[in-house]
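Inside the fold
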Amino acid sequence: QEQLVESGGGLVQAGGSLRLSCEVSESMFTSAAVMGWYRQLSGNQRELVASITRDGTTAFGDSVKGRVTISRDNANYTVHLKMSDLTAEDTRVYYCLSKVIVSPGRVTTYWGQGTQVTVSS
């Protein structure tokens, strides 16, 4: 359950939209307290794009509020991120996050490999 398979990145036009998907194993998906997407800023610094908890509670980064939705596909153990009205500032490497409950009160964080999103004007 350590593998997070990311897809949907690539080149898009400014003003367009895209969907990023993160598929994990059944065991990781059912054990994850929260899953979401972060994006690279500089160095190893990352900022929240969106997250969704096991019970469906969502959170969004201030930089993308109003342009992003996140959802869970329980049948396919996948989290989807939809971004709209893209600008050059959205050009980043995006990482899937999964926080897995390994025992009561203990959570382990897993990261995907990262997928490049490039917005062209």
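Preceding this section is the structure that the text describes.
Residues numbered from 1 in each chain as written. Predicted model: local features only at pLDDT ≥ 70, side-chain atom pairs only at ≥ 80, totals over all residues. Heavy atoms only, no water.

Enumeration over the complete set of coordinates arrives at 4 salt bridges. In this structure, E47 engages R39 in a salt bridge whose closest nitrogen and oxygen atoms are separated by 2.6 Å. Owing to a relative accessible area of 3%, R39 belongs among the buried residues under this scheme. Two residues, D90 and R67, come together in a salt bridge whose shortest N-O distance is 2.9 Å. (Salt bridge = Lys/Arg side-chain N within 4 Å of Asp/Glu carboxyl O. Buried < 20%, exposed > 50% of the residue type's maximum accessible area, 1.4 Å probe, protein only.)

Next up on the list: the sheet that holds strand β7 (residues 68–73). Across the sheet, which stays open at both edges, the 4 strands sit in the order β1-β3-β8-β7 with antiparallel pairing between neighbours. With partners counted over all chains shown, the strands left at the sheet margins are β1 (5–7) and β7, one partner each. Each strand of the sheet is rotated relative to its neighbour by a mean of 15 degrees, with strand direction disregarded. As paired strands, β7 and strand β8 (residues 78–83) are joined by 6 bridges and run antiparallel to one another. Each bridged residue has a counterpart across the sheet, and for V68 the counterpart in β8 is M83. (Pairing = 2+ DSSP bridges. Helix = DSSP H or I, 4+ residues; strand = E, 2+ residues; numbered from the N terminus. Axes fitted to C-alpha atoms, helices over the stretch in contact; angles between N-to-C directions.)

Keep in mind these numbers describe shape, not what the thing actually does.
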